[in-house]
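# Coordinate analysis (summary)
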Amino acid sequence: MSWIKEEDLKEVRSRADIVDIIGHYLPLEKKGKDYRCLCPFHDDHDPSMTINTQKQIFKCFVCGQGGNVFTFVQKIENISYFEAVSKVATMVGYPINIQRQTSVKIDENQKYYDILNTFIQFTQYELNTNEGTQCQLYLKKRNIDSTIQKKFEIGYAPDVNISYKFLKAKQYSNQDLVTSGLLYEADSTRVLFSNRLMIPIHDENGNPVGFTARRLEEDDMIPKYINTPQTKIYEKGNLIFNYHRVKQSARKMNRCILVEGAMDVLAYEKAGIHEALACLGTAITQTQIRLLKRLQAEIYVGYDGDTAGLNATYKFGQMALENGLKFQIIKNKTKLDPDEILETYGKEELKSQLSNTISFIDFLFDYLKTVYVLNNYEDKKKYAQEIYSYVSKYSEEYEKALYIKKIQTITGFDFTYSNQNINKNRTIVPLYFNELKSGRVSAEKSILAMILSSKKAAEQFKNEIGFFQDPVCDQLSLYCYDLYRQLNTIDMDLLLSKIEEEDVRNLCIDLMSEFDLTYNESLFYDSMLKIKECALQDQIDLLNNQIAKLSNPLEKAKMAMKKNELITQKIELRRKDG
């Protein structure tokens, strides 16, 4: 691992004017005290990148790329951060040496990654042997060519005895093979995968952690797919298939396509679409939502058109809305999965579906007809109430009238008065409440700006609240806490040199652009209050949903008491602040 002395980093930074360095690569146009230019990181035709001379940072307001002088050189030269520092140092006449750490911290799971990498290479080799002929024929039948095979490291698992002999020849212990998910038990010679098409699964950083394996015989007595069981490094709910490959293209295209399985991802790949990824099943988890959010790209939900796929789309939509994830739903009337659509109708149909999307609320109008019996009055009322709850909370003002009219057409229930009443009430409710519900991310960013400027603010937030709801904010706070263990103030260049994730670095740059990073006690305490109130409101909303589903009056009364306690806590919070 490379490193540069902190004093060298500061000296290079003090000598390197960002305008001079970026001007070395791009023609700049002066705009007031700052500069503008065409952004080199996306297809830009109207100058959208601004260079702030005072703060010595750049920011593109279209693609979101930003950073300091070092990160600019890193991105445009496609080199490491430390190589970028060295290059800038040479440009300003202060050459430095990149030194290597002699003691590198080894990932405790590295040996399991190595075992799986070795097995991947083995299955790729076996694919091209006589034993792999059946697998080759299957791949040919599915039009999975050699380019896709190589990109996705597809292979063939032969008879268990052949695999076991190979693994033991590599001198791996049985226990390590069990932990890697290749062996059933430590005292067994039974390898998990036999006579199957092998597709490796990786974590977000590209480390191999398991496999999804398809049978080659059409025998209903044999499971069609088997996956690696849960291990130390493989937990399905924490993984998204193809995530590590999609990260860059998703941000560039500002979209990614969420499907159910690996073969669906390959279907899009065969159609020349490279932004597909899969949650390896239909049950989305909070960890997977956080990973998707970090892509900073709109999600196109392309689950299967069958009942299980529609149910999964419904559950995904609920979680995505709760977490502020931007998404559209691909309108799939075929009841086929993407691979079946490709095989039946061809790649143009699969591509065209990406232009045929609907909102989650539009999806609900059809989906909830399969949940509720509209000939039944109570079911019809629940249908209307559920859709209206999403309309009132998540639709734009100009959409609401259309949706309310559609509810009335289908059910006869008119929510026009309810909507007017809500709008009327909004003018009466104190302004801070509405800002609070829509501005938690804004409050979290304000807190982060104060953490960047004050160690005291960092400690107080950590002790009183402890985490950020937004995962990118939360990750940036961890970098700040780590620096404050060694320093009393944060050096922004040092902080940026430590940040590995692009979305976290972009957030840091945004904060540097939006705030002067001087501690503002009033802003800090007001933002803390907002976050606490939002947390209480989330609990109140959850109780409201639970109360609406209860039929037992006693249970409803208990829930109502809990809700009143939370409302009292909210009132007390504001009273203390006032």
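For the structure, check the block above.
So, here's what we can say about the structure.

How each quantity is defined
- Residues numbered from 1 in each chain as written.
- Predicted model: local features only at pLDDT ≥ 70, side-chain atom pairs only at ≥ 80, totals over all residues.
- Heavy atoms only, no water.
- Helix = DSSP H or I, 4+ residues; strand = E, 2+ residues; numbered from the N terminus.
- Buried < 20%, exposed > 50% of the residue type's maximum accessible area, 1.4 Å probe, protein only.
- Core = buried A, V, L, I, M, F, W, Y, C linked by side-chain atoms within 4.5 Å.
- Contact = heavy atoms within 4.5 Å.
- Pairing = 2+ DSSP bridges.
- Axes fitted to C-alpha atoms, helices over the stretch in contact; angles between N-to-C directions.
- Polar contact = N/O pair within 3.5 Å; in protein donor to acceptor, adjacent residues only side chain to side chain.

We now examine unusual backbone geometry. For Gln-171, which is not a glycine, the phi torsion comes out positive at approximately 65°. Turning to its location among the elements, Gln-171 is positioned in the loop between helix H8 (160-169) and helix H9 (174-179). Classification of Gln-171 by relative accessible area gives exposed; the value is 74%. Positive phi, normally seen in glycine, also occurs at Asn-195, with a value near 50°. Looking at the secondary structure, you find Asn-195 in the loop between H9 and strand E9 (196-202).

Core analysis: the biggest nonpolar cluster contains 63 residues, and Met-49, Ile-451, Phe-461, Leu-476 and Leu-495 have the highest contact counts within it. Each residue touching Phe-461, except ones within four places of it in the same chain, is listed here: Ile-447, Ile-451, Gly-466, Phe-467, Phe-468, Tyr-481, Phe-524, Met-528 and Ile-531. With 59 residues, the next largest nonpolar core counts Ile-120, Ile-154, Ala-267 and Ile-330 among its residues.

So, on to the sheet that holds strand E6 (residues 66-67). Spatially, the five strands line up as an open sheet ordered E2-E3-E4-E5-E6, and their pairing is antiparallel. Bordering the open sheet on either side are strand E2 (29-31) and E6, each of which pairs with just one other strand. The pairing of strand E3 (residues 34-37) with strand E4 (residues 49-52) spans three bridges and is antiparallel. Considered in E4, the bridge of Cys-37 is made with Met-49. Strands in contact with helix H2 (residues 18-25) are E3, E4, strand E5 (57-60) and E6; relative to E4, the strand with the most contacts, it is inclined by about 145°.

In this section: helix H22 (residues 455-464). Looking at H22, one finds that the buried residues are Ala-457, Ala-458, Gln-460 and Phe-461. Buried residues in H22 make contact with helix H21 (440-453), helix H23 (471-484) and helix H26 (521-549). Where H22 begins, the side chain of Ser-454 points an oxygen toward the backbone nitrogen of Lys-456, at a separation of 3.3 Å. After H22 finishes, the residue Gly-466 shows a positive phi value of roughly 95°.

Shape descriptors only; they carry no functional weight alone.
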